[in-house]
Amino acid sequence: MSLKYPEFYFESSGGEGPFYIYFEDGPYGNAIDDETGDGAGFFDENERLIAVLFDHVSKDNDHKILKFRKNQFVEIKVSKGKVINLKSTYSKKSKNVESA
């Protein structure tokens, strides 16, 4: 069974809590804090963003942006318990093509 990405996980405690977004399978390694102080990112061996953690998100209504080096970011808007907008610099790996 293949997973569909991105995957969202919300750990709600009283309507707010940490919010995770996974763009692909790990390994995830160590978290790197974002520039805003609102969360952390996980990167592959080529420093490409593959997952993020927002420290504090309200499920009723929220708008957050995590910013990282190399102009990488993830922005979410949440309303009534659903992600209504997701913007990101995440890009899938390009396939290596060998020339003959």
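The structure presented is a predicted model; accordingly, all values stated were derived computationally and were not measured. (Residues numbered from 1 in each chain as written. Predicted model: local features only at pLDDT ≥ 70, side-chain atom pairs only at ≥ 80, totals over all residues. Heavy atoms only, no water.)

Considering the overall build of the protein
Phase 1 of the analysis: Scanning the protein for helices and strands turns up 0 helices and 8 strands.
Phase 2 of the analysis: Starting at the N terminus, the α and β elements of the protein follow one another as β-β-β-β-β-β-β-β.
Phase 3 of the analysis: In the protein, buried positions account for 35% of the 100 residues.
Phase 4 of the analysis: Entry remark: accessible area of the protein is about 6900 Å², with carbon and sulfur atoms responsible for 47%. (Helix = DSSP H or I, 4+ residues; strand = E, 2+ residues; numbered from the N terminus. Buried < 20%, exposed > 50% of the residue type's maximum accessible area, 1.4 Å probe, protein only. Areas by Shrake-Rupley, 256 points an atom, 1.4 Å probe, with all protein chains shown as cover.)

Points about the pairing of strand β4 (residues 39–43)
Phase 1 of the analysis: The element β4 is extensively covered by neighbouring structure, given that 5 of its 5 residues are classed as buried.
Phase 2 of the analysis: By the bridge criterion, 2 bridges tie strand β3 (residues 32–33) to β4 in an arrangement that is antiparallel. Within β4, the residue paired with I32 across the bridge is G41.
Phase 3 of the analysis: The loop that links β3 with its antiparallel partner β4 comprises 5 residues; one of these, G37, has a positive phi angle of about 85°.
Phase 4 of the analysis: Relative to strand β5 (residues 49–58), β4 runs antiparallel, the two sharing 5 bridges. (Pairing = 2+ DSSP bridges.)

Notes on the sheet that holds β3
Either a parallel or an antiparallel arrangement is found when strands of a sheet pair, and the pairing is made through backbone hydrogen bonds.
Phase 1 of the analysis: The 5 strands lie next to each other as β1-β2-β5-β4-β3, forming an open sheet whose pairing is antiparallel. Each having just a single partner strand, β1 (7–10) and β3 make up the two edges of the open sheet.

Re the side chain of E7
Phase 1 of the analysis: Summarising the element assignment, E7 is placed in strand β1.
Phase 2 of the analysis: Separated by 3.4 Å, the side chains of E7 and Y9 make a polar contact.
Phase 3 of the analysis: Leave out the neighbours within four places in its chain, and E7 touches Y20, I21 and Y22. (Polar contact = N/O pair within 3.5 Å; in protein donor to acceptor, adjacent residues only side chain to side chain. Contact = heavy atoms within 4.5 Å.)

Some thoughts on the nonpolar core
A general feature of soluble globular proteins is that nonpolar side chains tend to end up buried together.
Phase 1 of the analysis: Grouped together as the largest cluster of nonpolar side chains are 14 residues, with contacts concentrated most on I21, V52, F54, V74 and I76.
Phase 2 of the analysis: At the level of secondary structure, the elements contributing two or more residues to this core comprise β2 (16–22), β5, β6 (61–68) and β7 (72–79).
Phase 3 of the analysis: Not counting chain neighbours up to four residues away, the residues in contact with V52 comprise F19, Y20, I21, A40, G41, F42, L66, F68 and V74.
Phase 4 of the analysis: Counting residues in each nonpolar core, the second largest holds 5 residues, with Y20, Y22, F42 and L53 among its members. (Core = buried A, V, L, I, M, F, W, Y, C linked by side-chain atoms within 4.5 Å.)

Structural notes on the sheet that holds β7
Phase 1 of the analysis: The 3 strands are arranged β6-β7-β8 in an open sheet whose pairing can be described as antiparallel. Edge positions in the sheet fall to β6 and β8 (82–88), since each of these pairs with one other strand and no more. For this sheet the average axis-to-axis angle between neighbouring strands, irrespective of direction, equals 10°.
Phase 2 of the analysis: Relative to β7, β6 runs antiparallel, the two sharing 8 bridges. If you follow N61 over to β7, its bridge partner there is S79. (Axes fitted to C-alpha atoms, helices over the stretch in contact; angles between N-to-C directions.)

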